[in-house]
Amino acid sequence: MMRSVGQAVRDALLIADPRAKAMAARAVARDWRLGRLSPRFDVTMPDEPARPARPELLPPNKMPKRGRGGSDRARIALWHSLAHIEFVAIDLALDMVGRFGGQMGSRFVSDFLSVAADEAMHFALLDRKLAALGSHYGALPAHGGLWESARNTAHDIAARLAIVPMVLEARGLDITPVTLERVRAQGDENGARILQRILDDEIRHVAFGTKHFGQLCRDSGETPVEKWQFLVKTYFRGSLKPPFNDSARESAGLSREFRAGIV
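Now for a quick tour of the structure. (Residues numbered from 1 in each chain as written. Predicted model: local features only at pLDDT ≥ 70, side-chain atom pairs only at ≥ 80, totals over all residues. Heavy atoms only, no water.)

1. Focus on the overall build of the protein chain
And then number 1: From N to C terminus, the protein chain includes 9 helices and 2 strands.
And then number 2: Ordered by position in the sequence, the α and β elements of the protein chain form the string α-α-β-α-α-β-α-α-α-α-α.
And then number 3: Its C-alpha atoms give the protein chain a radius of gyration of 18 Å, within 12% of the compact-globule value 18 Å for 263 residues.
And then number 4: Considered along the principal axes of its C-alpha atoms, the protein chain spans approximately 50 × 50 × 30 Å.
And then number 5: Classification of the 263 residues of the protein chain by burial places 50% in the buried group.
And then number 6: For the protein chain, restricting intrachain contacts to residue pairs at least 6 apart in sequence, the fraction spanning at least 24 positions comes to 80%. (Helix = DSSP H or I, 4+ residues; strand = E, 2+ residues; numbered from the N terminus. Rg over C-alpha atoms; globule rule 2.2 N^0.38 Å. Buried < 20%, exposed > 50% of the residue type's maximum accessible area, 1.4 Å probe, protein only. Contact = heavy atoms within 4.5 Å.)

2. With respect to the nonpolar core
And then number 1: Within the largest apolar cluster, 70 residues are counted, with the highest numbers of intra-cluster contacts made by Val9, Trp79, Leu94, Leu113, Phe213 and Trp228.
And then number 2: Residue assignment for this core shows that the elements contributing at least two residues are α1 (5-13), α2 (18-33), α3 (72-104), α4 (106-132), α6 (157-185), α7 (189-220) and α8 (224-235).
And then number 3: Ranked by residue count, the leading element in this core is α4, at 13 residues.
And then number 4: Those residues in contact with tryptophan 79 that lie beyond four places of it in its chain are Leu126, Lys129, Leu130, Leu133, Val183, Asp188, Gly191, Ile194 and Leu195. (Core = buried A, V, L, I, M, F, W, Y, C linked by side-chain atoms within 4.5 Å.)

3. Concerning the side chain of aspartate 174
And then number 1: Mapped onto the fold, aspartate 174 is located in helix α6.
And then number 2: Reaching out from aspartate 174, the side chain makes a polar contact with the backbone nitrogen of asparagine 245 at a distance of 2.7 Å.
And then number 3: Residues contacting aspartate 174, with those up to four places away along its chain left out, are Pro243, Phe244, Asn245 and Arg249. (Polar contact = N/O pair within 3.5 Å; in protein donor to acceptor, adjacent residues only side chain to side chain.)

4. Observations concerning α1
And then number 1: Among the residues making up α1, those that are buried are Val5, Gly6, Ala8, Val9, Ala12 and Leu13. Along the axis of α1, the buried positions cluster into a sector of 165°, meaning they face one direction only.
And then number 2: On its buried side, α1 packs onto α2, α3 and α4. (Arc of directions from axis to C-beta.)

5. Points about the packing of α2 against α3
Packed helices, taken two at a time, are described by the angle their axes make and the gap between the axes.
And then number 1: Across the interface, α2 lies against α3 with an axial gap of 10 Å and an inter-helix angle of 40°. With respect to α3, the element α2 is oriented oblique. Pair α2 / α3 crosses with left-handed handedness. Residues Pro18, Lys21, Ala22 and Ala25 of α2 touch α3, and the partners they reach there are Phe87, Ile90, Asp91 and Leu94. (Axes fitted to C-alpha atoms, helices over the stretch in contact; angles between N-to-C directions. Parallel < 35°, antiparallel > 145°, perpendicular 65-115°, else oblique. Left-handed = near helix turned anticlockwise from the far one by under 90°.)

6. So, the packing of α3 against α4
And then number 1: Two elements in contact, α3 and α4, have axes whose closest approach is 8 Å; the angle formed by their N-to-C orientations is 165°. As far as their axial angle goes, α4 and α3 are roughly antiparallel. α4 is crossed by α3, and the crossing has left-handed handedness.
And then number 2: Considering only residue class, the contact of α3 with α4 consists of 23 nonpolar, 3 polar and 3 charged. (Nonpolar A, V, L, I, M, F, W, Y, C, P; charged D, E, K, R; others polar.)

7. Some words on the pattern of salt bridges
And then number 1: Within this structure, the stated rule accounts for 24 salt bridges.
And then number 2: The partner of arginine 107 in a salt bridge is aspartate 111, and the shortest N-O contact between them spans 3.1 Å. Of the two residues, arginine 107 and aspartate 111 both sit in helix α4, 4 residues apart, roughly one turn of that helix.
And then number 3: Beyond isolated ion pairs, a larger network of salt bridges with shared partners links Asp118, Arg197, Asp201 and Arg204. (Salt bridge = Lys/Arg side-chain N within 4 Å of Asp/Glu carboxyl O.)

8. Describing the packing of aromatic side chains
And then number 1: Enumeration over the complete set of coordinates arrives at 6 aromatic pairs.
And then number 2: Ring geometry for phenylalanine 87 against phenylalanine 123: centres 5.6 Å apart, planes inclined by 50°, an arrangement best described as tilted. Taken together, the residues phenylalanine 87 in helix α3 and phenylalanine 123 in helix α4 connect sequence positions 36 residues apart. Each of the two residues, phenylalanine 87 as well as phenylalanine 123, counts as buried.
And then number 3: Members of the aromatic cluster, joined through ring pairs, are Phe87, Phe123 and Tyr137. (Phe/Tyr/Trp six-rings, centres within 6.5 Å; stacked < 30°, edge-to-face > 60°.)

9. Concerning α8
And then number 1: Between its terminal C-alpha atoms α8 stretches 16 Å, which fits the 16 Å expected from 12 residues at 1.5 Å a residue.
And then number 2: The set of residues buried in α8 consists of Val225, Lys227, Trp228, Gln229, Leu231 and Val232.
And then number 3: Next to the buried residues of α8 lie α6 and α7. (Expected span 1.5 Å × (residues − 1).)

10. Structural notes on the environment of phenylalanine 258
And then number 1: Tracing the backbone through its elements, the reader meets phenylalanine 258 in the segment after α9 (246-251).
And then number 2: Residue classification places phenylalanine 258 among the buried residues on the basis of a relative accessible area of 9%.
And then number 3: In sequence terms phenylalanine 258 and tryptophan 228 are 30 residues apart; their C-alpha atoms lie 7.3 Å from each other.

In structure tokens form, the structure reads like this:
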């Protein structure tokens, strides 16, 4: 019998080694695209993905300061934090597919497996960047709370879409251009190209979230803006604060109307 996409996703989630997980995520996306995986979700997803022994995961208030902006230490800390975000994003995209793909259908599976493959490619670029700076992923502590949003929304696809692509990834649309300009000002054109690639891809990722969230709302007769605001107030513990990259957000289907009244 052909291997199921659910089993392939679960197997990738349970790989701890970062490079092996990235390669597995890309392989699952490729195998699905080529029709090598059956559209069955016949296994349960793990509550937590496998993780490497390093980096040490710390709560946000225990994270060390990055150091002065132009120092080698600060540059390594920046690229390490970005690599960690992209590594966790691989698991978030895989879990989105494995947990909700049976409910949501093949288009949803295709969209979010392509997200997983993108996040894996981003991680590989950042891992290579760290190596060029004489470091590696796992050399520094990392933010331990990034999986919390998945844990809190494991029971509800609408909540997962509202929080992961439509809040967390959308925040990347706001912050990445500022980081990109700072990196470019330091003369790091290679780093700027990496960040531009990530930004371009993240617009598409947020757009997948808004598209499938909108369809869920239409199917249930709910208003997307009101539903999103309710879910953000219920499940998102942080605050939505400027700056906002309105042009990128609009391109992804997130109009200013969504955050009106809750920012």
